[in-house]
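# Inside the fold
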Amino acid sequence: MTTTDIHTELLKNFEEKIERGDAIEPKDRMPDAYRKHLIRQISQHAHSEVIGMQPEGNWITRAPTLRARQILLAKIQDEGGHGLYLYSAAETLGISRAEMIEQLHSGKAKYSNIFNYPALTWADIGAIGWLVDGAAIVNQVSLQRTSYGPYSRAMVRICKEESFHQRQGYEIMAKMMKGTKEQQEMAQDAMNRWWWPSLMMFGPHDSESPHSGDAFRWKIKRASNDELRAKFIDKTVQQAEVIGLTIPDNELKWNEERGHYDHGPINWTEFYEVIGGNGPCNLQRMNHHKRVHDEGKWVLEAAEAWTKKREQKLFDLN
Amino acid sequence: MTQDTQLRSWEVFTQTRSGANYIHAGSVHASDRNMALQNARDTYTRRGEGTSIWVVPTDAITASDPNEKEMFFDPANDKIYRLPTFYTMPEGAKAI
Amino acid sequence: MNNQTPLLTYCLRLGDNALIQSYRLSEWCSNGPILEEDLALTNFALDMTGRADLLLAYAATLEGKGQTSDSLAYRRPEKEYLNCLIHELPDEDFAFTMVRLMLTSAYDMLLYSALEKSPNENLAAIAAKAIKETRYHLAHAAGWVERLGDGTAESNSRTMQALTMLWPFTGEMFETDSAEQQLAADGIIPNITALKEPWMEKAAQVLKSATLEIPALKTWQTGGRTGRHTENLGHILCEMQYLQRAYPDATW
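This report concerns the structure included in the present document. (Residues numbered from 1 in each chain as written. Chains lettered and ligands numbered in written order. Predicted model: local features only at pLDDT ≥ 70, side-chain atom pairs only at ≥ 80, totals over all residues. Heavy atoms only, no water.)

A tally of helices and strands in chain A yields 12 helices and 2 strands. Written out in order from the N terminus, the α and β elements of chain A read α-α-α-α-α-α-α-α-α-α-β-β-α-α. Over its C-alpha atoms chain A spans a radius of gyration of 22 Å, differing by no more than 12% from the 20 Å that the globule rule assigns to 318 residues. Considering only C-alpha atoms, chain A reaches an extent of 70 × 55 × 35 Å along its principal axes. Out of the 318 residues in chain A, the part that is buried amounts to 57%. For chain A, restricting intrachain contacts to residue pairs at least 6 apart in sequence, the fraction spanning at least 24 positions comes to 77%. (Helix = DSSP H or I, 4+ residues; strand = E, 2+ residues; numbered from the N terminus. Rg over C-alpha atoms; globule rule 2.2 N^0.38 Å. Buried < 20%, exposed > 50% of the residue type's maximum accessible area, 1.4 Å probe, protein only. Contact = heavy atoms within 4.5 Å.)

Structure below.
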């Protein structure tokens, strides 16, 4: 057998395994492209969780009640935890967390576009929980069945924990819509600003999406961008109506035939502008992450030095 | 400036109630075992999921090779006499 | 304020200590030196917020004027906050946070262990919960103080600097007044003066393993317990009370 034959044979085995619905585990042989795709996707997902702590973190000290402070803290903490689970999952593919952070800082790795928008009022905390986490969970639920074992296991854990996030956001919005006129205006304003970016979270339309082919065949991705987006819109429109919020889209209409809502055109120019680094907060988010990372270095160095000293002492005793 | 290591990796096993098996929960980074235990506690038992935790340095774990799966595990598949259902019980006898 | 019963004042002091600690710890969220530590600091902030809620809710009940833990936390003027000054100092760096958490948790350990035996059931129940949390805070903070103190030259100097800045504020934690002494004599609350020596022992033990020297100093910075604060509290309240003050008619 030539190398090409062996290569073809391995790929065939791998794809048969995927076809049967078996999970791929860290030590299994896998095509390079599969590994690369996973590292890119999982690390992007991890970075999103971590960068996502910033817009909400911005409101912790201003949370208006003790209960609100607790809920917000617990939620942001979960996001840090989820970033951590995902970094761990990616590490099983042979990349270290330090390398992933370096790729984030160099711009090689991305994070979700949505976190490049600012959280301006307390209602934004509601909108982020309700819309952004609501959109994220639709995607994450489908990823529980992704083919890579560690990623799928992390997703199962994350979905279990995130179920309260969307609810707490919706609760904030509902409370504000029942409140003073100023609160209602604040809620609607947040809705207006977060609705379209939330729809963009699912990525380009299926007709435009560059990576879909292999990701589907290898069951990394289990549902298409447009399918997931439709799912999100369908459940959110109803929730908005219940509390009296207007969705900022004149063309939004139930389509009996498709069984989904039709929506107006998404501003893809804005989407690509923000991806390209020109969103309102791109620089701010990245600088924050770099600053915190740099400021933490001396702490980690000290911890390692302390351990080394103790190991040395043990060695001397022996 | 030394290299950013983000500290070493540890695997975390949690026991959800006393008497149960320890189950792999995930991993954390830490520079020593006490830190690893505390980090595991703060990461994997935030919702009261644990009564006890083990942490093990990730590089201390040896895993079986998937390429040797057949050699390792298939020979156990035809030893059905290891299972109680292999045996015929006389009619009327109660299982212990 | 003058109409407060001694027990109410005491509960406000404890509640405000937890409230301001919670505020400072929560500032670490998304700023921790490593993701794992970010989660740990958030846990401490959560513990402290919960503790503030319980203590201030009890204070509101004692006062009996229809206040809630939230109205006490968010609507009082600055001079009515009765926390010790040490809690409101801004976090200079991670060493500062860990040294402070070690010093104040060692104190809370002794305080709440004693308070757990109070015949006042409300205080005893709050103390029973606090003691479990605090034991962990102390273990975590002491571990870090030791690592940082005996880590690198840089970490040692940062930790020493933190200790030097914090030490003058530790004396206030052991201050008392005649009203509190009466409560202590009645057996409702512990005699705080008696806790100073065991606290010093614990602190000295941790600092010794951290290769740090206790600053020689006999002048304490005080005032918080009677409502005279550092410049920092005003800034904390600006942020914390922002929504409650800007939209007084709103509920959140």
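Our next topic: the interface of chain A and chain B. If you look at the interface, chain A gives 25 residues, while chain B gives 22 residues. Buried area between chain A and chain B, both sides added, is near 2,100 Å², and the carbon and sulfur share of it is 49%. For the interface between chain A and chain B, the tally reads 5 salt bridges. In this structure, Arg157(A) and Glu49(B) form a salt bridge, with 4.0 Å as the shortest nitrogen-oxygen distance. For the interface between chain A and chain B, the tally reads 11 residue pairs in polar contact (both at pLDDT 80 or more). Breaking the side of chain A that touches chain B down by element, the ones donating at least two residues are helix H4 (66-91), helix H5 (97-106), helix H7 (149-177) and helix H12 (282-317) of chain A. (Buried area = accessible area lost by both parts, 1.4 Å probe. Salt bridge = Lys/Arg side-chain N within 4 Å of Asp/Glu carboxyl O. Polar contact = N/O pair within 3.5 Å; in protein donor to acceptor, adjacent residues only side chain to side chain.)

Next up on the list: empty space enclosed by the protein. Applying the stated criterion to the full structure yields 5 cavities of 30 Å³ or more. There is about 250 Å³ of room inside the largest cavity. Mapped by element, the contributors of at least two residues to the lining of the largest cavity are helix H3 (53-57), H5 and H12 of chain A together with helix H2 (35-63) of chain C. If you tally residues by element for the lining of the largest cavity, the top one is H12(A), at 4 residues. Its residues assigned to classes, the lining of the largest cavity shows 8 nonpolar, 7 polar and 2 charged. Size it by volume and the second largest cavity reaches roughly 210 Å³. In this structure, the second largest cavity is lined by 23 residues; those nearest its centre are Tyr10(C), Tyr107(C), Glu180(C), Ile192(C) and Arg225(C). (1 Å grid on protein atoms, 1.4 Å probe; cavity = no way out; pocket = protein on both sides within 12 Å on 5 of 7 lines; lining within 4 Å. Points joined across faces, edges and corners; volume = space filled by probe spheres on them. Nonpolar A, V, L, I, M, F, W, Y, C, P; charged D, E, K, R; others polar.)

On the surface, Ile80(B), Tyr81(B), Leu83(B), Phe86(B) and Tyr87(B) cluster together into a nonpolar patch covering about 520 Å² of accessible area. With respect to the secondary-structure elements, Tyr87(B) resides in the segment after helix H2 (69-73). (Patch = residues over 30% accessible without salt bridge, like charges linked within 9 Å, V, L, I, M, F, W, Y side chains within 5 Å. Areas by Shrake-Rupley, 256 points an atom, 1.4 Å probe, with all protein chains shown as cover.)

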